[in-house]
Protein chains: 4
Amino acid sequence: MPLGRVLIGDTTQHALPDQLLQPFGEQVARDSERRLKPLETACAQEAFTPLVKEIENAGGEIHARTLDARKEDQVISFLGDADKHAPLEVCIFNVGANVNFPILDTTERVFRKVWEMACYSGFLAGREAARLMLPRGQGNIFFTGATASLRGGSGYAAFASAKFGLRAVAQAAARELGPKNIHVAHLIIDSGVDTEWVRQRRIEALGPNALDDPDLLMPPSSVAESYWLLYQQPRSAWTFELEIRPFGEKW
Amino acid sequence: MPLGRVLIGDTTQHALPDQLLQPFGEQVARDSERRLKPLETACAQEAFTPLVKEIENAGGEIHARTLDARKEDQVISFLGDADKHAPLEVCIFNVGANVNFPILDTTERVFRKVWEMACYSGFLAGREAARLMLPRGQGNIFFTGATASLRGGSGYAAFASAKFGLRAVAQAAARELGPKNIHVAHLIIDSGVDTEWVRQRRIEALGPNALDDPDLLMPPSSVAESYWLLYQQPRSAWTFELEIRPFGEKW
Amino acid sequence: MPLGRVLIGDTTQHALPDQLLQPFGEQVARDSERRLKPLETACAQEAFTPLVKEIENAGGEIHARTLDARKEDQVISFLGDADKHAPLEVCIFNVGANVNFPILDTTERVFRKVWEMACYSGFLAGREAARLMLPRGQGNIFFTGATASLRGGSGYAAFASAKFGLRAVAQAAARELGPKNIHVAHLIIDSGVDTEWVRQRRIEALGPNALDDPDLLMPPSSVAESYWLLYQQPRSAWTFELEIRPFGEKW
Amino acid sequence: MPLGRVLIGDTTQHALPDQLLQPFGEQVARDSERRLKPLETACAQEAFTPLVKEIENAGGEIHARTLDARKEDQVISFLGDADKHAPLEVCIFNVGANVNFPILDTTERVFRKVWEMACYSGFLAGREAARLMLPRGQGNIFFTGATASLRGGSGYAAFASAKFGLRAVAQAAARELGPKNIHVAHLIIDSGVDTEWVRQRRIEALGPNALDDPDLLMPPSSVAESYWLLYQQPRSAWTFELEIRPFGEKW
């Protein structure tokens, strides 16, 4: 019976879901047992049309739908539907809300909304994924962190607060669910992820050759690769927190 | 002109505000310059009647009022009133919301309310205190943390998430406001605070002699003493995070 | 041309080197390009006779020799010889010295020796591996940590001091060598590793069924697997510190 | 009966001992009970002639002598002599060895010597102070850390390794000795300390007005003040680690 994989992403890292499939896709190519594993994806706004086509062309199966991850009922029905289709094996949460404001200019609305997107919705997704996985005694719940998960930098009161909060949810879930054979992990991406916007900023800051070495940015495929490494870990040696950065990054 | 001190506390650590005054009170006894400094206090529910009497009997001045610290307009008017009375010099935030639930039993309502009490209201208090202090180029904003500020333990998804989030607010505020001469600090109390409820649990767990050494619990006066130490620091050697525990505590 | 892999281990985790080869060995079975990669191993005392036989029987190539890793000249000649045989691609340092003494009973001889074994020799190995790798602009240097790398527990003044020190060496090396395309990582094993001695202690503490689930201990093969995951990371997403523990471990 | 205080410092922070006395000195002025407390000091090279004169002129008592803090017998006899003179109440360890070398240029001699000065000698001082304090069931042992206690920066393999190691000694000692009523603390100075050399560098980097605000550097007196704060803490609320930095410092 096929197992289900779910990604709850957002449009700010639009490129990610597309690439996230890559390692799973490679695996499909090699491993007939795993072929045709269904993947459910959801994002806050646009559907993943190109992704859907690519997966289907490769002989895979994918279901994409729009989701407001801050709504408890929507999260419950999304995960429940996915689980009915194929028992939930992996749930990846990757909703971001990176903003920077001086503290005096951080409105209560911004503070609350950033928390709802980056922390509260992660709690909902993690809790509901656990609820589906626990009766079967296995599963993987992966949360996505950032530099701001560990550091409340100047101007990041809202974003770091939400990211710190999400990390605490992940820790508590890992300590509670790990002994029940559910691997909860927190991937910290200590770098900008390669998007058009980040590329433009690099060129402005570092000149026209700034992008000559693509490995100096974090490609979405490397984020996906990192989830894949976490997924492959034997349960005798699980990692809770995996921090990744490009080889040339200052830290 | 007298300077103002404000405490935003809650009723779960009912004993705290009473004791918080102690070091200030001692100072009053010694130091005539500082006598009669006004202190404003606010808490979520009951007024601080015994405290008010004690301070007034000692010749001090105190104003207590009820506050829902989760309401932006109430926080603004409370701090604004205090500041009109005497320019705000110290703002201590100590609203807690310590709960423990398995993650599946953590309702979205609990998760949200704990965050509103322990994190969001701290953001509001810190931001508004900063707004009043910045034009005068000085001030002290102290947030209160707990063991759960650093560790997302099993059953603490809600509480640790809020406490992690508050710590991030404090860090971001410290990095932004420190160079503007406002001392932002985060006091981590790595221990139960001595209340009737904690005493009963100790006796049940450790037997009738469990309370023979009062220094094995954290007395509210020691929390107050720790704020006092932070307050006394020269700006050439400020501490952001101060972790305290009783001498016999395991850590 | 084959690339060289080196392990500097010790006899206290006697089983490790044997298993370390497993992922490389599996790879050999799959991937003819990588077949017959030479592996050099060194340990403080006994030679790895059984390991050598196993690898050679599998059609691999291995060279084992005895080494006092605290002697600069021996480390230089060991790594130099290995590099002449095949350019050094991976250097894993895994010398331990886990002891527990009350601080008053920690002799200066013990304190110094533990440091020499667990920290100083790691510095030597890392520095000399880097010296060989830098001219070729690539390589992997992996250090092995323990719970005591992050926590100075009671009775661990000597061991934790050495392990903290090794972690600092790894951090400094990672920050300096990462931008030069050398992946330096620090693997923290937050668990006892499965050896006969640990098994006996588990049975004494938890009863005859304590070992029924082998995944509750850290098998040496899982340590090896973790190094393998680090080795596989794309340089656009390197991890410096990887902490691993069995799924049922308290943390 | 007077209680004894000991400082084991070095000449690189030559100004420190002088200032360390200041808070004790102020206390002397106020508090006749504490007047004339003897203070023993030791440093690696020069005697503290000016300091001795200042203290004696103020009516205090001080004994200074030269010490190689890396020699177990010298540490034992120094602390033993001090304790005979007046029972040891406070022992402050502040030997530094801040060097920066690329890892390939870090000789084994430098690596070892930095460790002996900044870590090994701290272990000796802490252990021997504990040995004298334990029978009396009280005391204070304070170690001095730096930014490199928490971060192995590029070029700091030797220094950070020693400072990490000292921190582990302090942690292990605190966990073991705390419940026995000995306050062990680790003061992290996250800043350059104000010395002639640092002043020159600031002027070169920031121009002639760089020193206009003395609070942007860490004056030795603020280091002393921080020890004083630690010393004043009630045992119901001890801090293990105190990190200090000037208000304008980036972190």
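In what follows, the structure referred to is the one given above.
The residue count restarts for each chain, going from 1 along the sequence in the order it is written. Written order determines the labels here, with chains lettered from A and ligands numbered from 1. A pLDDT threshold of at least 70 governs which residues receive local features in this predicted model, and a stricter bar of 80 or more applies before side-chain atom pairs are shown or counted, although totals over entire chains, interfaces and linings include all residues. Side-chain measures were taken over the full set of non-hydrogen atoms in the model, leaving aside hydrogen atoms and water.

**Student:** I'd like a description of the overall build of chain A, backed by residues and values.
**Tutor:** Strands are runs of DSSP state E lasting at least two residues, helices are runs of H or I lasting at least four, and both sets are numbered from the N terminus onward. A tally of helices and strands in chain A yields 7 helices and 7 strands. Residue exposure (1.4 Å probe, protein chains only): buried if accessible area is under 20% of the type maximum, exposed if over 50%, otherwise partly exposed. Buried residues in chain A amount to 57% of all 251 residues.

**Student:** Account for the nonpolar core, naming residues and giving values.
**Tutor:** Here is a general trend for soluble globular proteins: nonpolar side chains tend to be buried in one another's company. In this structure, C:Ile8, C:Ile141, D:Ile8 and D:Ile141 are the most contacted members of the largest nonpolar core, which totals 96 residues. Residue contacts follow a heavy-atom distance rule, with two residues in contact if any of their heavy atoms lie within 4.5 Å. Sequence-distant contacts of D:Ile141, that is, excluding residues within four places in its chain, are made with D:Cys91, D:Gly126, D:Ala129, D:Ala130, D:Met133, D:Leu177, D:Ile182, D:His183, D:Val184 and D:Ala185. In these notes, a set of buried Ala, Val, Leu, Ile, Met, Phe, Trp, Tyr and Cys residues joined through side-chain atoms within 4.5 Å is what counts as a nonpolar core. Grouped together as the second largest cluster of nonpolar side chains are 95 residues, A:Phe240, B:Ile103, B:Leu124 and B:Ala170 included.

**Student:** Lay out the interface of chain A and chain C with the relevant residues and their values.
**Tutor:** How big an interface is tends to be stated in terms of the accessible area lost upon association of its parts. Residue-level contacts link 32 residues of chain A with 32 residues of chain C. Accessible area, probed at 1.4 Å, shrinks when two parts are joined; the buried area is that loss added up over both. Taking both sides of the interface into account, the surface hidden between chain A and chain C amounts to around 2700 Å²; carbon and sulfur atoms contribute 56%. Put simply, a salt bridge is a Lys or Arg side-chain nitrogen that is within 4 Å of an Asp or Glu carboxyl oxygen. Between chain A and chain C we count 4 salt bridges in total. The closest approach of N and O atoms between A:Asp215 and C:Arg235, which form a salt bridge, is 2.8 Å. Under the rule applied, a polar contact is a pair of N or O atoms within 3.5 Å (in protein, one hydrogen donor and one hydrogen acceptor; residues adjacent in sequence only if both atoms are side-chain atoms). On the surface where chain A and chain C come into contact, there are 14 residue pairs in polar contact (both at pLDDT 80 or more). For the side of chain A that touches chain C, the elements supplying multiple residues, two or more each, are helix H5 (157-177), helix H7 (220-232) and strand S7 (241-244) of chain A. Ranked by the residues each element gives to the side of chain A that touches chain C, the list is headed by H7(A), at 5 residues. Classes in brief: Ala, Val, Leu, Ile, Met, Phe, Trp, Tyr, Cys and Pro nonpolar; Asp, Glu, Lys and Arg charged; the others, Gly included, polar. Here the residues of the side of chain A that touches chain C sort into 15 nonpolar, 10 polar and 7 charged.

**Student:** Tell me about the relation of the copies chain A and chain B, and name the residues and values.
**Tutor:** Least-squares superposition of the copies uses the C-alpha atoms of those residues scoring a pLDDT of at least 70 in each of them. Between the two copies, chain A and chain B, the superposition gives an RMSD of 0.0 Å; the rotation angle is 180 degrees and the shift along the axis is 0.0 Å. Those values place the two copies in the arrangement expected of a two-fold rotation axis. Same-surface contact between copies: 100% of interface residues of chain A are shared with the interface of chain B.

**Student:** I'd like a description of the packing of helix H3 (residues 72-85) of chain C against helix H4 (residues 108-133) of chain C, backed by residues and values.
**Tutor:** Residues and elements named next belong to chain C. Contact pair H3 / H4: the axes reach a minimum separation of 10 Å and the direction vectors enclose 35 degrees. Between H3 and H4 lies a crossing of right-handed hand. Taking contact as the criterion, the partners of Glu72, Val75, Ile76, Leu79, Gly80 and Asp83 in H3 are, on H4, Leu124, Ala125, Arg127, Glu128, Ala129 and Leu132. By residue class, the composition of the contact of H3 with H4 is 7 nonpolar, 1 polar and 4 charged. Axes here refer to lines fitted to C-alpha atoms; in helices the fit is confined to the stretch in contact. Angles between the N-to-C directions go from 0 to 180 degrees. Handedness of a crossing follows from how the near helix is turned relative to the far one, being left-handed for an anticlockwise turn of less than a right angle and right-handed for a clockwise one.

**Student:** Report on the pattern of salt bridges, specifying residues and quantitative values.
**Tutor:** Residue and element names in this part refer to chain A. Tallied over the full model, the rule gives 54 salt bridges over all chains. Across the salt bridge formed by aspartate 83 and arginine 136, the nearest N and O atoms sit 2.6 Å from each other. Residue aspartate 83 is located in helix H3 (residues 72-85), and its partner arginine 136 is located in the loop between helix H4 (108-133) and strand S5 (139-146); the two are separated by 53 residues in the primary sequence. Arginine 136 sits in the partly exposed class, given a relative accessible area of 37%.

**Student:** An account of the pairing of S5(A) is requested, with residue identities and associated values reported.
**Tutor:** Residues and elements named next belong to chain A. S5 sits mainly inside the fold: 8 of its 8 residues count as buried. Of the two faces of S5, the one holding Gly139, Ile141, Phe143 and Gly145 and the one holding Asn140, Phe142, Thr144 and Ala146 are both buried throughout. Bridge count between strand S4 (residues 88-93) and S5: 4 bridges; the pairing is parallel. Paired with phenylalanine 93 across the strands is phenylalanine 143, a residue of S5. Look down the strands so they point away from you; if the path from the first strand over the helix to the second goes clockwise, the crossover is right-handed. Following the backbone out of S4, through H4 and into the adjacent parallel S5, one traces a crossover that is right-handed. Strands pair, by our definition, only if DSSP identifies at least two bridges between them. Taken together, the 8 bridges between S5 and strand S6 (residues 182-189) define a ladder with parallel strand orientation.

**Student:** So what's going on with the packing of aromatic side chains? Residues and values would help.
**Tutor:** In summary, the pairing rule links any two rings of Phe, Tyr or Trp, Trp by its six-membered ring, whose centres are within 6.5 Å, and it sorts them by plane angle into stacked for under 30 degrees, edge-to-face for over 60 and tilted for everything else. The full count for this structure, using the stated rule, is 42 aromatic pairs over all chains. Seen from their ring centres, C:Trp115 and D:Trp115 are 3.7 Å apart, and the 5 degrees between their planes marks the pair as stacked. One end of the pair, C:Trp115, is in helix H4; the other, D:Trp115, is in helix H4 (residues 108-133), on a second chain. For the residue pair C:Trp115 and D:Trp115, the accessibility class agrees, reading buried in each case. Between C:Phe123 and D:Phe111, the aromatic rings sit 4.0 Å apart at their centres with planes inclined by 5 degrees, giving stacked as the arrangement. With C:Phe123 in helix H4 and D:Phe111 in helix H4, this residue pair bridges two chains. Judged by its relative accessible area of 0%, C:Phe123 falls in the buried class.

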